[in-house]
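# Close look at the chain arrangement
Chain by chain, the residues run as shown.
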Amino acid sequence: MTIATSPSRRTFLTLTAGAGLAGVAHAADTPTLPARPDMPAQELAANENYWAKIAAQYSVTPAIHNIENGYWGIMAAPVMNAYRAHTDKVNRENTYYARGAYNQDIEKIYARLAIFLGVAPDELLLTRGASEAMQILIGGYKKLKPGDAVLYADLDYSAMKSAMQWLADRRGVEVIKIDLPEPATRDNVIDAYARAFEAHPNLKMALVTHVNNLTGLIHPVREITALAKSHDIDVILDSAHAIGQIDFDLSALDVDFVGFNLHKWIGAPIGCGLVYIKKPRVPDIDRFMNEPGAEDDIRARAHTGTLNFAAHLTIPDALDFHEAIGIDAKEARLRYLRNLWVGEARANRDVQILTPDDPTMVAAMTSFRYRNRITTEENNAIMRELAEKHGLFTVRRTGPSTGDCIRVTPALYNTPDDMARLAPALGALT
Ligand SMILES: Cc1ncc(COP(=O)(O)O)c(C=O)c1O
């Protein structure tokens, strides 16, 4: 599908597609990206003409209305085409490429990511995903000694909670778990951390999630980090769901250790994650199993082995697509789609919406539960009924201390019609 763009925009997109990776041919049928209309993001959020053109960049199964886009993001057509081309090149050139030009190409990708995040390239380490990134940080954090304490919350990601619990055996520390309030507000979430930090003077490190995967809540990271710093507590931030979904300035968060994922909201191929460590803090993370390199070399913090080179090579293509839309427009559109179903569902007295409407605390993702239906079985049944009777694919989540729930996550290809189906379906559920 070809969509008209302004000459300047077209030049920009042509120049930046697959930036700088010589020798990669892009498939001839790559659709041209539509130009972003010149209007504020909030107004653009409801411009169906523009979003229909963006939606046309995604090839999506017609089998179901998929409103569960939190696992990973479908690649847009230009990204998918670039990934095919990179895969083809890596396969054709084999070790001649991997032992040669790849080493320069990957440095260009680090440089691009560093500009994107406003950090230095030697503060970044590519991984296969956010789990690997976070495990490097949590498992490798070496400032703990027996008698110290670490903290996590019920709304953190399950694999990260396990990693925090593992520190009890690995480092001999006390592991403190807090439950975050429901309904959450900016103040009561900050207060939950403040009380825990006050109550446990032996706390040295806290896991904090930026946008959690259970309710989609955007956590007030800057305030929590400032509080933690005032108690000499290091924060390890799980930003898997924040990058590409919400607009934030990493330097303003003032956090020294962050794990990211690029295959959710940035839309890179599966297998792309990222560690950020503020340069002077690199020595506070163990080098990986005696990996060689300087003491402050972040690349010595992982040994991934043979990589899916093509996935990492496609990161600039995913960033091109992401930046052509703009994070402000993306976040506003996702929240607009979210508000369409939540607005109606709140009128149903049997449905409890777990994520606040405060735009600083929510974007795409929101969870709900039927009052008093808190078990896994009950929520699996709701998820099944939504899929089988109403053609809506959602996901059950286990983890909040208050019980299981169902998460709804629109993506850029979803339409207002997809979202409008949910509230009536919730009204008709048995
Ligand atoms: C909050 C959070 N952290 C970490 C992860 C793990 O990401 P990955 O699949 O890239 O390992 C996820 C995945 O859903 C997540 O939601």
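Here the structure is a predicted model, which means the values were calculated and not measured.

Moving on: the overall build of the protein. When helices and strands are tallied, the protein shows 16 helices and 13 strands. The C-alpha atoms of the protein give 22 Å as radius of gyration, which agrees with the globular expectation for 430 residues (22 Å, within 12%). Overall, the protein is about 60 × 60 × 35 Å in size when its C-alpha atoms are taken along their principal axes. Within the protein, buried positions represent 47% of all 430 residues. For the protein, the proportion of contacts with a sequence separation of at least 24, taken over those separated by at least 6, is 72%.

Glancing now at the sheet that holds strand E12 (residues 395–397). Pairing is antiparallel across the open sheet formed by four strands, whose spatial order is E9-E10-E13-E12. Taken across any chain shown, the strands that pair with only one partner, and hence form the sheet edges, are strand E9 (351–353) and E12. Between one strand axis and the next, the sheet turns by 35° as a mean value, whatever way the strands run. The strands touched by helix H14 (residues 376–390) within the sheet are strand E10 (366–370), E12 and strand E13 (405–408), with E12 carrying the most contacts at an inclination of about 165°.

Confidence in the prediction for the protein averages 93 pLDDT; 93% of positions are at 70 or higher. Confidence scores differ between elements of the protein, with helix H1 (residues 7–16) showing the lowest mean pLDDT of 32 and strand E6 (residues 234–238) the highest of 99. For residues 1–28, every residue scores under 50 in pLDDT, and the model assigns this stretch 46 contacts once sequence neighbours within four places are set aside.

Right, let's talk about the sheet that holds E6 for a bit. Think of a sheet as strands paired side by side through backbone hydrogen bonds, with each pair either parallel or antiparallel. Ordered in space as E2-E8-E7-E6-E5-E3-E4, the seven strands form an open sheet in which the pairing is mixed. Edge strands, defined here as strands with exactly one partner in the open sheet, are strand E2 (124–127) and strand E4 (174–178). Ignoring strand direction, the axes of neighbouring strands in this sheet form an average angle of 15°. Where strand E5 (residues 203–209) lies against E6, five bridges are found, and the strand directions are parallel. Residue pairing in the sheet places Val208 in a bridge with Leu237 of E6.

Attention now moves to the pairing of E5. E5 sits mainly inside the fold: seven of its seven residues count as buried. As paired strands, strand E3 (residues 149–153) and E5 are joined by three bridges and run parallel to one another. Bridge pairing in E5 places Val150 opposite Met205. In terms of handedness, the path from E5 via helix H9 (residues 221–230) over to E6 forms a crossover that is right-handed.

Moving on, we come to the packing of helix H6 (residues 130–140) against helix H7 (residues 158–171). Following both chains from N to C, one finds H6 and H7 inclined at 20°, their axes separated by 10 Å at the closest point. For the element pair H6 / H7, the angle class is roughly parallel. In this structure, the crossing between H6 and H7 has a hand that is right-handed. Contacts between H6 and H7 pair Ser131, Met134, Gln135, Ile138 and Gly139 from the former with Ala159, Met160, Ala163 and Met164 from the latter.

Leu137 and Ala206 are the most contacted members of the largest nonpolar core, which totals 126 residues. If you tally residues by element for this core, the top one is helix H13 (residues 327–345), at nine residues. Other than its neighbours up to four places away in sequence, Ala206 contacts Val150, Leu151, Ala228, Ile233 and Val235.

Our focus in this paragraph is H6. One turn of the α-helix equals 3.6 residues, which is why residues spaced by three or four share an orientation. Within H6, eight of the eleven residues are buried, leaving the element largely enclosed by the surrounding structure. Turning to H6, its buried residues number three or more, namely Ala130, Glu132, Ala133, Met134, Gln135, Ile136, Leu137 and Ile138. Against E2, H7, E5, E6, strand E7 (257–261) and strand E8 (273–277) lie the buried residues of H6.

Calculation rules
Residues numbered from 1 in each chain as written. Predicted model: local features only at pLDDT ≥ 70, side-chain atom pairs only at ≥ 80, totals over all residues. Helix = DSSP H or I, 4+ residues; strand = E, 2+ residues; numbered from the N terminus. Rg over C-alpha atoms; globule rule 2.2 N^0.38 Å. Buried ≥ 20, exposed ≤ 12 C-beta atoms within 10 Å, placed from the backbone. Contact = placed C-beta atoms within 7 Å. Pairing = 2+ DSSP bridges. Axes fitted to C-alpha atoms, helices over the stretch in contact; angles between N-to-C directions. pLDDT = per-residue confidence, 0-100. Right-handed = clockwise from strand over helix to strand, strands pointing away. Parallel < 35°, antiparallel > 145°, perpendicular 65-115°, else oblique. Left-handed = near helix turned anticlockwise from the far one by under 90°. Core = buried A, V, L, I, M, F, W, Y, C linked by C-beta atoms within 7 Å.

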